[in-house]
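Inside the fold
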Amino acid sequence: LRREAWQMIKQEALAGLSLTLQDIGFAPDEAENYMRLAQEGDSTGAQRMLMLNQKRRRMLDEIHFHEKQLDRLDYLRYALQKESMPEIRMNQDNK
């Protein structure tokens with residue numbers, strides 16, 4: 001009975017891990033590979049850390065790309081407001 005209970009707890013933990021991987025944007029094949037490594041145990045920790053670090057780096061690159069897009073968009077809004085439409089207030093975009 002103890003072994004069955006342990007297996008059930010382990011399966012629940014893996015299900016939670018699977019959901020977390022999906023939530024952070026792992027593709028199905030990436031999540032499957034990560035899960036396989038997780039089930040193999042501690043000896044795969046370095047591989048899993050590498051996967052997580054790579055994912056984090058890609059996410060940060062994407063964030064920085066979007067930040068640059070926002071900067072450019074804000075500049076265009078500023079230029080338009082300043083040069084041709086002084087009656088428009090910059091805070092109207094919050095509606």
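Before reading on, note that the structure itself is shown above.
Residues numbered from 1 in each chain as written. Predicted model: local features only at pLDDT ≥ 70, side-chain atom pairs only at ≥ 80, totals over all residues. Heavy atoms only, no water.

Going through the model one piece at a time under the given rule, you end up with 1 aromatic pair. On the basis of an interplanar angle of 75° and a centroid distance of 6.0 Å, the ring pair of F26 and Y34 is categorised as edge-to-face. Residue class for F26 comes out buried when judged on its relative accessible area of 7%. Since its relative accessible area comes to 8%, Y34 is described here as buried. (Phe/Tyr/Trp six-rings, centres within 6.5 Å; stacked < 30°, edge-to-face > 60°. Buried < 20%, exposed > 50% of the residue type's maximum accessible area, 1.4 Å probe, protein only.)

The next subject is the side chain of K55. In this structure, K55 sits in helix α3 (residues 45-83). Buried and unpaired, K55 has E30 as its nearest opposite-charge partner, separated by 4.4 Å. For K55, the contacting residues outside a window of four places in its chain are I24, G25, F26 and E30. (Helix = DSSP H or I, 4+ residues; strand = E, 2+ residues; numbered from the N terminus. Lys, Arg positive; Asp, Glu negative; His and termini not counted. Salt bridge = Lys/Arg side-chain N within 4 Å of Asp/Glu carboxyl O. Contact = heavy atoms within 4.5 Å.)

The next subject is the pattern of salt bridges. One side chain can pair with another of opposite charge once the charged atoms of both are near each other. Per the counting criterion, the structure on display carries 3 salt bridges. E40 is paired through a salt bridge with R36; the nearest N and O atoms lie 2.9 Å apart. Taken as a pair, E40 and R36 lie in helix α2 (residues 28-40) at a separation of 4 residues, close to a single helical turn. For R36, a relative accessible area of 41% gives the class partly exposed. The closest approach of N and O atoms between R77 and D74, which form a salt bridge, is 3.2 Å. Of the two residues, R77 and D74 both sit in helix α3, 3 residues apart, roughly one turn of that helix. Residue classification places D74 among the partly exposed positions, given a relative accessible area of 35%.

Just distances and angles here, no functional claims.
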